Structures are given as structure tokens and as C-alpha cells.
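# What the coordinates show
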Amino acid sequence: MNATEPSPLLGDVAQIACGPRQGKTRPCAACQTKAPGLLTLAYTGTPEALAAAICGTTPDSCQDCKTKAETIISKTAQPPRAA
Ligand SMILES: [Zn+2]
Ligand SMILES: [Zn+2]
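Residues numbered from 1 in each chain as written. Chains lettered and ligands numbered in written order. Predicted model: local features only at pLDDT ≥ 70, side-chain atom pairs only at ≥ 80, totals over all residues. Heavy atoms only, no water.

Attention now moves to the coordination of the zinc ion (ligand 2). Bound to the zinc ion (ligand 2) on the protein side are Cys55 (SG), Cys62 (SG) and Cys65 (SG), at distances that span 2.1 to 2.2 Å. Between consecutive donors of the zinc ion (ligand 2), the numbers of intervening residues give the motif C-x6-C-x2-C. Overall, the relative accessible area of 36% leaves Cys62 in the partly exposed class. A relative accessible area of 6% places Cys65 in the buried class. (Donors = N, O, S within 2.8 Å, 3.2 Å for Na, K, Ca; no water. Buried < 20%, exposed > 50% of the residue type's maximum accessible area, 1.4 Å probe, protein only.)

This part takes up the packing of helix H2 (residues 29-44) against helix H3 (residues 47-55). Look at H2 against H3: their axes get within 9 Å of each other, and the N-to-C directions meet at 170°. Here H3 runs roughly antiparallel to H2, going by the angle between their axes. For the pair H2 and H3, the crossing hand works out as left-handed. Between H2, through Lys34, Leu38, Leu41 and Ala42, and H3, the contact on the second element is made entirely by Ala49, Leu50, Ala53 and Ile54. Across the contact of H2 with H3, the residue classes break down as seven nonpolar, no polar and one charged. (Axes fitted to C-alpha atoms, helices over the stretch in contact; angles between N-to-C directions. Helix = DSSP H or I, 4+ residues; strand = E, 2+ residues; numbered from the N terminus. Parallel < 35°, antiparallel > 145°, perpendicular 65-115°, else oblique. Left-handed = near helix turned anticlockwise from the far one by under 90°. Contact = heavy atoms within 4.5 Å. Nonpolar A, V, L, I, M, F, W, Y, C, P; charged D, E, K, R; others polar.)

On to the coordination of the zinc ion (ligand 1). Within the protein, the atoms that donate to the zinc ion (ligand 1) are Cys18 (SG), Cys28 (SG) and Cys31 (SG), at distances of 2.2 to 2.3 Å. One chain supplies every donor for the zinc ion (ligand 1), spaced along it as C-x9-C-x2-C. Within this pair, whereas Cys18 is found in helix H1 (residues 8-18), its partner Cys28 is found in the loop between H1 and H2, the two being separated by ten residues in sequence. Relative accessible area serves as the criterion here: at 11%, Cys18 is assigned to the buried category.

Attention now moves to the side chain of Ser61. Looking at the secondary structure, you find Ser61 in the loop between H3 and helix H4 (63-76). Assessed through its relative accessible area of 9%, Ser61 is described here as buried. With near-sequence residues (within four places) excluded, Ser61 lies in contact with Ala51, Ala52, Cys55 and Lys66.

Turning next to the confidence of the model for the protein chain. Scored by pLDDT, the protein chain has a mean of 84; 82% of the residues are at 70 or more. For the protein chain, the element scoring lowest by mean pLDDT is H1, at 91; H2 scores highest, at 94. (pLDDT = per-residue confidence, 0-100.)

In this section: the pattern of salt bridges. Throughout the structure, instances matching the rule amount to two salt bridges. In this structure, the salt-bridge partner of Asp64 is Lys68, at a minimum N-O distance of 3.8 Å. Separated by four residues within a single helix, Asp64 and Lys68 lie in helix H4, roughly one turn from each other. For Asp64, a relative accessible area of 48% corresponds to the partly exposed category. (Salt bridge = Lys/Arg side-chain N within 4 Å of Asp/Glu carboxyl O.)

Following this line, the structure appears as C-alpha cells:
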């Protein structure tokens, strides 16, 4: 039994935070590292806090990162996919 299997959402969160790029299939290492914290914020924090965490600047995050935050929150609000 592997109790530490990462949530498939983590990959999605990392990808969204990193941003879509043509030909890019994986988020960069920095975004993968940030993903668990971003996922926690998506569940427990505000959209502003999540956007700031993605952007890396406070108190104001850019519109791009606000959009990413909303995308992540809409994803995490969905029930898990059935296997
Ligand atoms: Zn990245
Ligand atoms: Zn930003």
C-alpha cells in the first residue's frame, strides 16, 4: 500500500500555476514545489491569497495570476473524478 501517493490534482495545480505554453507538457520544478501549498490555499485560503502565492508578490498580484487562481479554485471545487 502506498499511502503517500500524490493527488492527481497537484499536477493540474502545478500546470495551471506554471501557465499553459505551447509544446510544454510539464510544469517547471519551481511550480511543482509550490503546488502542495497552492492546493492547500485553494481549499482553505482566499482567491487573493492564492493569486499572491502563484505570483510570488504581495500584496498585489497580477491579473494573469488572479485568473490562474480562479482556474485552480474552480478545479478544486469539482468532485474527484471517478476512477
Ligand atoms: Zn513554472
Ligand atoms: Zn503574477
